[in-house]
Amino acid sequence: MQKYIRIIGTGSAAPDQILTNVDLEKMVETSDKWITERTGIKERHIAPKDKVGSDYACLASQRAMQMAGVTADEIDMIILGTVTPDAPLPSTACILQDKLGAKNAAVMDIVAACSGFIYGLSIARALIMIGQVKTVLVVGVEVLSRFVNWSDRNTCVLFGDGAGAAVLRGSDKPGGIINAYLKSNGSLAHLLQIPMGGSRIPLDASNVGHEDRYIRMKGSEVFKAAVKAMSEAATKILKICELESKDIKLMIPHQANIRIIEATAKRLKLPMDRVYVNVHKYGNTSAASIPIALDEAVREGRIKKGDKIMLVAFGAGFTWGATIIEW
Ligand code: ACO
């Protein structure tokens, strides 16, 4: 049994190719001004045709393992959050396992959209705690650009590609993941979905080019639900951990929209200088958003030993959740 579960390494990776708001002005009827004011996004990374999510997941994982000083043989489990897998079968985690050479690992994908990384951390923590595994790699990766309708200005300006990873291990020293709070509401699935491509409506010649093959979102309804759910998750996890907002050194929220982030911070009475933001550089990378932001915050020195940080997410499903970590 392990009491303290720590993140001992983080890593991230994104495609080199950048699509700016000005580039998008040439593709759909939009403007840099509209996108910046409504979302905070300035640019996003887009994977070239010959790359898949597992390529970026592999790079991010190798960087996390290098920081942790952990070899591929030592990984007992890989938990990978994605809604844009390399293929329907097998899991992207299996493909990643092979690319990493992590031959001793049990692996699985989880589908919790933008909350995938927090769900993954929570599962990893529980399995290490009960002693079933020692070292777990948790990954969030998306290639959303393949599932975006590039002629729909309501959605195509929002999303980007990338991957983030963290290595978790039990420790005798107090600290690490203090607790997690997870929630879902499947009755609101219709507000954010890719209606086609599963067993309900398989992709075939009759639906080539159909808009339901891509991400469909009722933006303003998702916006309101996101602010409410992220504030709720943050408030709940503070209560569970017997902490207050003032104890949180840095909040790392899901990076979907700067206005959602600011509204959540305001409800928590957290000043923006204690909130990590990189949505301007990546757009919404769903499951990859929090681990990319966490890795950047660690590497920029924004998180110091002993700091309490909060991760909070909301995504399609709806799914949402939060966790507090003592670094
Ligand atoms: N450029 C210019 N105009 C646009 C664009 C665009 N790219 N997109 C929409 N508009 C127009 C609309 O057509 C609408 O015009 P109309 O009034 O003539 O009909 C107008 O702008 C306002 O549209 P709204 O949808 O009301 O704009 P809103 O302020 O809500 O912003 C946005 C839209 C950015 C999508 C916002 O609602 C949002 O961020 N929603 C949440 C997204 C999110 O957080 N998703 C998280 C989960 S993602 C996941 O799980 C994968």
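None of these values were measured; they are calculated from a predicted model.

Quick notes on the rules
In this numbering scheme, every chain counts its residues from 1 along its sequence in written order. Residue-level local features of this predicted model are given only where pLDDT is at least 70; pairs of side-chain atoms are given and counted only at 80 or more, and the full residue set underlies all totals for whole chains, interfaces and linings. As a rule here, side-chain values cover all heavy atoms of the structure and leave hydrogens and water aside. Helix and strand labels come from DSSP, where a helix needs a run of H or I of at least four residues and a strand needs a run of E of at least two; each type is numbered from the N terminus. A contact between two residues is defined here by any heavy atoms of the two lying within 4.5 Å. Here, axes are lines fitted to C-alpha atoms. For helices the fit covers the stretch in contact, and angles between N-to-C directions go from 0 to 180 degrees. Note on convention: the crossing is left-handed when the near helix lies turned anticlockwise from the far helix by less than a right angle, right-handed when the turn is clockwise. For this classification, the nonpolar set comprises Ala, Val, Leu, Ile, Met, Phe, Trp, Tyr, Cys and Pro, the charged set comprises Asp, Glu, Lys and Arg, and every other residue, Gly included, is treated as polar. By convention in these notes, a residue is near a molecule or strand provided one of its non-hydrogen atoms lies within 4 Å of it. Under the rule applied, a polar contact is a pair of N or O atoms within 3.5 Å (in protein, one hydrogen donor and one hydrogen acceptor; residues adjacent in sequence only if both atoms are side-chain atoms). Marked domain ranges trace back to an automatic or database domain assignment. Only protein chains enter the accessibility calculation, which uses a 1.4 Å probe; a residue is then buried when its area is under 20% of its type maximum, exposed when over 50%, and partly exposed in between. Paired strands, in this sense, are two strands between which DSSP finds at least two bridges. What we call a nonpolar core is a set of buried Ala, Val, Leu, Ile, Met, Phe, Trp, Tyr and Cys residues that are connected through their side-chain atoms within 4.5 Å. Put simply, buried area is the surface a 1.4 Å probe can reach on two separate parts but cannot reach once they are joined, added for both. The term salt bridge refers to a pairing of a side-chain nitrogen on Lys or Arg with a carboxyl oxygen on Asp or Glu at a separation within 4 Å.

## Observations concerning the environment of Arg267
Tracing the chain through its elements places Arg267 in helix α8 (residues 258–267). Sequence separation of Arg267 and Thr235 is 32 residues, and the distance between their C-alpha atoms is 9.4 Å. Beyond its immediate sequence surroundings of up to four residues, Arg267 is in contact with Val227, Lys228 and Ser231.

## Observations concerning the packing of helix α7 (residues 219–240) against α8
For the pair α7 and α8, the least separation of the axes is 9 Å and the interaxial angle reads 35°. As α7 runs across α8, the sense of the crossing is right-handed. Between α7 and α8, the contacting residues are Phe223, Ala226, Val227, Lys228, Met230 and Ser231 on the first element and Arg259, Ile260, Ala263, Thr264 and Arg267 on the second. Partitioned by chemical class, the residues of the contact of α7 with α8 number six nonpolar, two polar and three charged.

## Considering the site of the ligand
Taken together, 26 residues surround the ligand, and among them Thr30, Arg38, Cys114, Asn257 and Ala316 come closest. Thr30 is positioned with one of its side-chain polar atoms (N or O) 2.7 Å from a nitrogen atom of the ligand. Between the ligand and Arg38, the relevant distance is 2.6 Å, taken from an oxygen atom to a side-chain nitrogen or oxygen of the residue. Top contributing element to the shell around the ligand by residue count: α7, with four residues. Its residues placed into classes, the shell around the ligand shows 13 nonpolar, nine polar and four charged. Residue contributions to the shell around the ligand reach at least three from each of two domains, namely domain 1 (4–174) and domain 2 (178–326).

## Considerations on unusual backbone geometry
With the exception of glycine, most residues fall at negative phi, and the peptide bonds are largely trans. The omega angle of the peptide bond from Leu89 to Pro90 is 0°, so this bond is cis rather than trans. Tracing the backbone through its elements, the reader meets Pro90 in the loop between β4 (77–81) and α4 (92–100). With phi around 50°, Ala113 is a residue other than glycine that occupies positive phi space. Here Ala113 is to be found in the loop between β5 (106–110) and α5 (116–129). The exposure class assigned to Ala113 is buried, which follows from its relative accessible area of 6%. The backbone of Ser286 shows a phi angle near 45°, a positive value even though the residue is not glycine.

## Focus on the side chain of Ser91
Within the fold, Ser91 resides in the loop between β4 and α4. A polar contact of 3.1 Å, which involves the side chain of Ser91, links it to the backbone nitrogen of Cys94. The residues contacting Ser91, other than those within four sequence positions of it, are Val107 and Asp109.

## A closer look at the pairing of strand β12 (residues 308–315)
β12 sits mainly inside the fold: seven of its eight residues count as buried. Pairing geometry for β12 and strand β13 (residues 319–326), over eight bridges, is antiparallel. Across the sheet, Ile309 pairs through a bridge with Ile325, a residue of β13. Turn length for the β12-β13 hairpin, with the two strands adjacent in sequence and antiparallel, is three residues, and the turn residue Gly317 shows positive phi of about 140°.

## Points about the nonpolar core
Among the nonpolar cores identified, the biggest contains 45 residues, and Met251, Met310, Phe314 and Ile324 are the most heavily contacted of them. Every element with two or more residues in this core is listed here: α7, α8, β12 and β13. Looking at which domains feed residues into this core, each of domain 1 (4–174) and domain 2 (178–326) supplies at least three. Setting aside residues up to four positions removed in sequence, Met251 forms contacts with Thr264, Ala265, Leu268, Leu270, Arg274, Val275, Tyr276, Met310 and Val312. Ranked by size, the runner-up nonpolar core spans 33 residues in total, among them Leu121, Ile177, Ala293 and Ile309.

## Structural notes on the domain arrangement of the chain
Here the domain parsing of the chain yields domain 1 (4–174) and domain 2 (178–326). In this structure, domain 1 and domain 2 have C-alpha centres spaced 14 Å apart. Across the contact, 48 residues belong to domain 1 and 46 residues belong to domain 2. Here domain 1 and domain 2 share an interface that buries about 3600 Å² over both sides, 63% of which is from carbon and sulfur atoms. In this structure, the connection of domain 1 to domain 2 is made through zero salt bridges. Taken together, the connections running from domain 1 to domain 2 amount to 21 residue pairs in polar contact (both at pLDDT 80 or more). Looking at the side of domain 1 that touches domain 2, the elements with two or more residues in it are β1 (4–13), α2 (32–39), β3 (43–45), α3 (53–68), α5, β6 (135–143) and β7 (161–171). Tallying contributions element by element places α5 first for the side of domain 1 that touches domain 2, with seven residues. Here the side of domain 1 that touches domain 2 is built from residues that sort into 20 nonpolar, 17 polar and 11 charged.

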